[in-house]
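# Remarks on the overall topology
So you can see what is in the structure, the chains are spelled out below.
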Amino acid sequence: MDNNLQIKPKHLMTDAERVQDFQRKLYRKAKQDKTFRFFVLYDKVRLPHFLREAYKRCKANNGMGGVDGIEFADIEANGVAKFISGIIEELEKKTYKPQAVLRVLIPKANGKSRPLGIPTIKDRVIQMAVKLVIEPIFEADFEESSYGFRPCRSSANAVKEIRKNLQSGKREVFDADLSAYFDTIPHKELMYLIALRISDKNILHLIKMWLKVTVMEDGNPKGGKKTKTGTPQGGVISPLLANIYLHLFDKAVNRVGGIFEKSGVKIVRYADDFVLMAREIPKECLEKVNRMLEKMKLKLNEEKSRLVKTYEESFDFLGHTFRYSRDLHGRSKKYLNIEPSKKSQKKVQTKIREYLKMSGHKSSQSVAKELNAITRGWINYFTIKRVTYPAKAKRKLRYYLLKKLTRYYQRKSQRKCKLYNQGAFEVLVKKYGLIDPTQYAPG
């Protein structure tokens, strides 16, 4: 948590500062007393500045509306203050009940699809308010080896930690994949872990309702009160709940004097993806992993989980490929190379292809601007923290853009258009500001 916020009188603080001030106090108390249970939290969720800050953060994500069809534009038109007042009234009278979660299927690069749950904006705002209140408590408990969906932590931090472990000689890696983790988290066990820190029955009731909410898929309701497992992917609070449950696993692996520590095994986890790393991972450690996950009612995906000797073969994690490559000068020594994975490269290429396929007669300015929105984020992900070596992948992306733009302008009319004859990629770069991946560096 951020401890650098200057203390101001409350009436001079912004909503974000007031929330942060409260979060800091909660974090300190939770850090000082590992067994303390917090019992007066619900009244904080109902405070206008918490809900205003929650709304601001939800709006920043710019997501679509849920089953009620209400979008952010509708809320803005009717007045945000009125929207917040309505939520406060429901929470005070305890009449609030979440609406069904709209489930949509997001296409994946492998041709399959990933289910994504979209709560209504009102439900998202209340979930965010609860998250703002309870997150500092669990942040005080979480292990340093956990990086996903946490304040001031990122995938780049996880990649750096993996690099550090590899460079220290921990070159045997168990690359783990959990089978449908978000869909299999058991409610009873999860609520027990939450209740170890939170005894406010109203907060616990809200979380239970969100876990058991009906899911609408193709107009058909699924799940509901009888549901005993799973947190809907797409819910604001779901990543925090997922981290709370897997914290149990993190603690077991990091336990001082335990089998993992004695064997020199380190864990790096990002949400439901994790790797175990050591000079050599004993068979007993892998057996222990299976036993622990079985006890937690979770399961490894045996097809995707594997033990890797990284000096001989590569592995992928968070869109990166880690491999030891031979020295270009012919020496026998190998060096660690971290670069964008083939899957990640294919993903950005698919986005470019789909965009050009769906774009008819757009202006050159629009094409350059909208392609930049796709490529900039991808390049930034792999270069802004300077943990990877993406030069080769950037050259491939440049060639892909050149090839696709040539075809795009060739088929815009029956005759080859001017831009095709001039060399579309070069003209878009020079005249309209299209990003050349090989020349672009994040600011």
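Structure: above.
Okay, so let's go over this structure. Each residue is numbered by its place in its chain's sequence as written, counting from 1. Whole-chain, interface and lining totals are the exception, using all residues; otherwise, since this is a predicted model, local features are given only for residues with pLDDT of at least 70 and side-chain atom pairs are given and counted only at 80 or more. As a rule here, side-chain values come from all non-hydrogen atoms in the structure, and water together with hydrogens is ignored.

### Regarding the overall build of the protein
- Each helix and strand in the protein was counted, giving 18 helices and 11 strands.
- If you line up the protein on its principal axes, its C-alpha atoms span 70 × 60 × 50 Å.
- Accessible area is worked out with a 1.4 Å probe on protein chains only. A residue is then buried under 20% of its type maximum, exposed over 50%, and partly exposed in between. Residue burial in the protein is summarised as follows: out of 443 residues, 47% are buried.
- The contact criterion used is simple: two residues touch if any of their non-hydrogen atoms lie within 4.5 Å. In the protein, once contacts between residues fewer than 6 apart in sequence are set aside, the share between residues at least 24 apart is 68%.
- Looking at the protein as shown, the accessible area adds up to about 23,900 Å², and 50% of this sits on carbon and sulfur atoms. Only DSSP runs of H or I covering at least 4 residues are called helices, and only runs of E covering at least 2 are called strands; the numbering of each starts at the N terminus. Areas reported as accessible are Shrake-Rupley estimates using a 1.4 Å probe. Residue values count occlusion only from the protein chains shown.

### A closer look at the environment of Gly 234
- Its location among the elements puts Gly 234 in the loop between strand 5 (220-223) and helix 11 (238-254).
- Residues Gly 234 and Arg 163 lie 71 residues apart in sequence; the distance between their C-alpha atoms is 30 Å.
- Contact partners of Gly 234, with chain neighbours within four places excluded, come to Leu 116, Gly 117 and Pro 119.

### Focus: the sheet that holds strand 7 (residues 273-278)
- Each pair of strands is called paired provided DSSP finds at least two bridges between the two strands. Strand order in the open sheet made by the four strands is 6-7-3-8, with antiparallel pairing throughout. The outermost strands of the open sheet, each flanked by one partner alone, are strand 6 (266-270) and strand 8 (306-309). Along the sheet, successive strands turn relative to each other by an average axial angle of 20°, direction set aside.
- Strand direction decides the pairing type here: strand 3 (residues 172-177) and strand 8, joined by four bridges, are antiparallel. Bridge assignment links Phe 174 to a residue of strand 8, and that residue is Leu 307. Only the stretch in contact is used when fitting a helix axis, every axis being a line fitted to C-alpha atoms; angles between N-to-C directions are given from 0 to 180 degrees.

### Here's the deal with the nonpolar core
- To define a nonpolar core, start from buried Ala, Val, Leu, Ile, Met, Phe, Trp, Tyr and Cys residues and group those joined through side-chain atoms within 4.5 Å. Counting 78 residues, the largest nonpolar core has Ile 134, Ile 194, Phe 249 and Leu 276 as its most contacted members.
- Leaving out residues up to four positions away in the same chain, Leu 276 has contacts with Glu 172, Val 173, Phe 174, Val 253, Phe 260, Val 265, Lys 266, Ile 267, Ile 281 and Val 289.
- Leu 356, Ala 393, Tyr 409 and Ala 424 belong to the second-largest nonpolar core, a separate cluster that totals 24 residues.

### Quick look at helix 14 (residues 342-358)
- To estimate how far a helix should reach, multiply one less than its number of residues by 1.5 Å. Between the first and last C-alpha of helix 14 there are 24 Å, a value that for 17 residues agrees with the 24 Å anticipated at 1.5 Å per step.
- Taken together, the buried positions of helix 14 are Ser 344, Gln 345, Val 348, Ile 352, Tyr 355 and Leu 356. Along the long axis of helix 14, the arc covered by the buried residues comes to 110°, so they all point the same way. What points out from helix 14, more than 90 degrees from its buried face, is the exposed set Lys 342, Lys 343, Lys 347, Lys 357 and Met 358.
- Among the structural elements, strand 11 (334-340), helix 15 (364-383) and helix 16 (391-410) are those in contact with the buried residues of helix 14. What the arc covers is the set of directions going from the helix axis to the C-beta atoms.

### Some words on the sheet that holds strand 5
- Strand order in the open sheet made by the four strands is 2-1-4-5, with mixed pairing throughout. Two strands close off the open sheet at either side, each with one partner strand: strand 2 (113-118) and strand 5. Averaged over all adjacent pairs, the angle separating strand axes in this sheet is 40°, with direction ignored.
- For strand 1 (residues 101-107) and strand 2, the ladder comprises six bridges, and the chain directions are antiparallel. Bridge pairing links Arg 103 to Gly 117 in strand 2.

### Remarks on the packing of helix 9 (residues 187-195) against helix 10 (residues 201-211)
- Running from N to C, helix 9 and helix 10 cross one another at 155°; their axes reach a closest spacing of 11 Å. Classed by the angle they form, the pair helix 9 and helix 10 counts as roughly antiparallel. Of the two possible hands of crossing, helix 9 and helix 10 adopt the one that is right-handed. Contact with helix 9, carried on its side by His 187, Leu 190, Met 191, Ile 194 and Ala 195, involves Leu 204, Ile 207, Lys 208 and Leu 211 of helix 10 and no other residues of that element.
- By the convention adopted, Pro, Cys, Tyr, Trp, Phe, Met, Ile, Leu, Val and Ala count as nonpolar, Lys, Arg, Asp and Glu as charged, and the other residues, Gly among them, as polar. A class-by-class count of the residues in the contact of helix 9 with helix 10 yields seven nonpolar, one polar and one charged. Just so you know how the angles are binned, under 35 degrees is roughly parallel, over 145 roughly antiparallel, 65 to 115 roughly perpendicular, and the rest oblique. Each helix crossing is assigned a hand: it is left-handed if the near helix lies turned anticlockwise from the far helix by less than a right angle, otherwise right-handed if that turn is clockwise.

### Some details on empty space enclosed by the protein
- Both cavities and pockets are sets of points on a 1 Å grid over the protein atoms alone; in a cavity a 1.4 Å probe fits but cannot get out, in a pocket the set is open with protein on both sides within 12 Å along at least five of seven lines, and lining residues sit with an atom within 4 Å of a point. Grid points are joined across faces, edges and corners, and a volume is the space filled by probe spheres set on the points. By the definition in use, this model includes three cavities of 30 Å³ or more.
- Within this model, the largest cavity holds a volume of roughly 100 Å³.
- Around the largest cavity, the lining comprises 14 residues; the ones closest to its centre are Gln 127, Trp 210, Val 213, Pro 232 and Gly 235.
- Of all the secondary structure elements, the ones that give two or more residues to the lining of the largest cavity are helix 6 (121-139), helix 10 and helix 11.
- Class assignment of the residues belonging to the lining of the largest cavity gives a composition of nine nonpolar, four polar and one charged.
- Volume-wise, the second largest cavity comes out at about 50 Å³.
- Lining the second largest cavity are Arg 103, Pro 115, Leu 116, Gly 117, Asp 183, Val 215, Pro 232 and Gln 233.
- Grouping the constituent residues of the lining of the second largest cavity by class yields four nonpolar, two polar and two charged.

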